[in-house]
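Okay, here's what each chain looks like letter by letter:
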Amino acid sequence: MIIINILVTGGAGFIGSNFIFYIFKKHPDYRIVCMDSLTYAGNLNTLKPLLEKENFRFTKTDITDREEVFKIFEEENFDVVVNFAAESHVDRSIRNPSVFLKTNIIGTQVLLDATNEFKIKRYHQVSTDEVYGDLPLDRPDLFFTESTPLHASSPYSASKASADLLCQAYCRTFKTPVTISRCSNNYGPYQFPEKLIPLMFVNASNDKPLPVYGEGANVRDWLYVDDHCKAIDMIIHNGTIGEVYNIGGHNEKNNLTVVKTILKTLGKGEDLITYVTDRPGHDMRYAIDPQKIKDELGWYPETDFETGIRMTLQWYKDNEQWWQEILDGSYQNQN
Ligand code: NAD
Ligand code: TDX
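Below is a summary of the structure that appears in this document. Given the structure is predicted, the values throughout are model-derived calculations rather than measurements. (Residues numbered from 1 in each chain as written. Chains lettered and ligands numbered in written order. Predicted model: local features only at pLDDT ≥ 70, side-chain atom pairs only at ≥ 80, totals over all residues. Heavy atoms only, no water.)

**Focus on empty space enclosed by the protein**
Empty space among the atoms can be located by rolling a probe the size of a water molecule over them. Heads up, the condition is: Both cavities and pockets are sets of points on a 1 Å grid over the protein atoms alone; in a cavity a 1.4 Å probe fits but cannot get out, in a pocket the set is open with protein on both sides within 12 Å along at least five of seven lines, and lining residues sit with an atom within 4 Å of a point. Grid points are joined across faces, edges and corners, and a volume is the space filled by probe spheres set on the points.
Within the structure shown, the criterion is met by one cavity of 30 Å³ or more. Computed from the structure, the largest cavity encloses a volume of approximately 60 Å³. Lining the largest cavity are Val90, Ile94, Glu130, Ser153, Ser154, Arg220, Arg279, Pro280, Gly281, His282, Asp283 and Tyr286.

**Focus: the sheet that holds strand 11 (residues 244-247)**
Going by this rule: The criterion for strand pairing is that DSSP finds at least two bridges linking the strands in question. Working definition: helices are DSSP H or I runs of at least four residues, strands are E runs of at least two. Numbering for both runs from the N terminus. Fitted lines through C-alpha atoms serve as axes, helices being fitted only where they are in contact, and the angles separating the N-to-C directions of these axes extend from 0 to 180 degrees.
Strand order across the open sheet formed by seven strands is 3-2-1-4-5-6-11, with parallel pairing between neighbours. Strands with a single pairing partner mark the edges of an open sheet, and in this sheet they are strand 3 (56-60) and strand 11. Taken pair by pair, the neighbouring strands of this sheet meet at an average axis angle of 20°, ignoring direction. The pairing of strand 1 (residues 5-9) with strand 2 (residues 31-36) spans five bridges and is parallel. Bridge pairing in strand 2 links leucine 7 to valine 33.

**Observations concerning the site of ligand 1**
Under the convention used in this document: To be near a molecule or strand, a residue needs just one of its heavy atoms within 4 Å of it. In protein, a polar contact requires one atom able to donate a hydrogen and another able to accept it; more generally it is a pair of N or O atoms within 3.5 Å, and residues adjacent in sequence count only if both atoms are side-chain atoms. Computed by Shrake-Rupley with a 1.4 Å probe, the accessible areas treat only the displayed protein chains as cover when residues are assessed. Three categories are distinguished: nonpolar for Ala, Val, Leu, Ile, Met, Phe, Trp, Tyr, Cys and Pro, charged for Asp, Glu, Lys and Arg, and polar for the others, with Gly belonging to the last.
Taken together, 28 residues sit near ligand 1, with Ile15, Asp36, Ser88, Tyr156 and Lys160 positioned nearest. Between a nitrogen atom of ligand 1 and a main-chain N or O atom of serine 37, the distance comes to 3.1 Å. Burial of ligand 1 by the surrounding chains reaches 97%, relative to a free accessible area of 830 Å². Ranked by residues supplied to the shell around ligand 1, first place goes to strand 5 (residues 122-128) with three residues. Grouping the amino acids of the shell around ligand 1 by side-chain chemistry returns twelve nonpolar, 13 polar and three charged.

See below:
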């Protein structure tokens with residue numbers, strides 16, 4: 001498909017910003033409009049190098065604001081919508097589910113309606129492996145495939161699963177040209193320091209305790225963020241309308257292993273590890289079977305965990321100002 005103008009929602013967050021950088025590197029002539037309401041997770045500092053670019057526009061807009069969203073769709077002639085905008089942190093969804101339902105479900109509906117109204121050629125929904133629930137630790141032979149039933153555990157994953165169902169319903173009923181991707185845990189630059197890897201980096205750097213939930217035995221399937229971006233780029237260009245694509249690189253690690261790797265890389269002692277009360281409903285294991293996207297689109301991950309975690313920790317070392325301004329709250333001044 002020929003693409004000229006892309007709407008990226010949630011592009012001031014972790015994966016969305018990496019996706020914008022990825023697209024500009026791969027397709028420098030494309031135009032990107034980033035729509036983001038700049039919640040606590042959005043950070044305009046991340047996009048600063050792009051703000052003066054001719055083929056980039058940032059709009060501070062809430063995806064649940066139907067009038068504003070439709071206005072921007074009217075102004076721009078989008079070829080593709082890629083929806084990253086979401087409340088994304090499981091622990092926050094346990095404390096305050098309402099905003100997750102509003103942004104993740106109603107926001108998706110508004111974007112789907114705008115896609116129909118303005119006859120956009122492709123709507124891509126960035127979903128998550130968490131919609132499948134979890135797998136047991138004693139069955140390493142099991143993986144999530146695209147036909148695994150949805151079985152969400154947290155208000156976050158339930159809201160993402162609801163959005164996926166809406167996308168599929170719109171595709172069938174209104175012929176909305178939808179694709180969906182479900183990716184495993186991402187890591188890399190610009191991830192907000194409430195998520196496991198950047199939180200542990202920041203705490204270890206400050207010699208503060210590293211809070212490991214339960215026994216640290218839960219397994220996540222880690223993927224370097226650029227490999228996720230590469231997969232979405234392939235799907236929006238060559239994916240089949242109506243299809244779901246799982247994305248993951250067979251990189252399963254338990255949390256304790258990840259935390260110990262971070263400590264070792266930073267030259268810090270394991271005495272910083274503190275076992276804390278477990279997350280309620282904590283999913284045990286995520287593991288993606290990526291065979292479909294490999295077979296159909298030729299996708300494969302390029303960065304193994306050892307390389308990716310080294311690059312990521314180096315990035316956080318080299319960009320202390322970026323995360324210090326989050327810790328002291330000043331990043332929100334320009335938001
Ligand atoms: P993030 O929390 O870092 O960023 C979310 C962005 O969305 C922020 O910039 C925020 O300001 C914006 N946003 C939130 N509510 C909004 C609203 N109502 N209107 C407009 N913008 C709004 O999240 P992330 O980790 O980059 O995740 C991006 C997407 O990828 C999410 O949909 C998430 O479910 C999905 N995902 C994340 C991971 C992961 O490991 N982080 C894995 C798989 C899928
Ligand atoms: O302080 C912590 N201690 C801890 O042990 C935190 C923040 C997390 N954990 C554990 C919980 C998880 O087993 O580490 C694991 C990873 O936790 P998060 O970084 O919160 O990620 P997770 O809950 O796995 O969800 C992430 O991946 C899927 C993203 O936040 C989601 O947006 C994405 O859909």
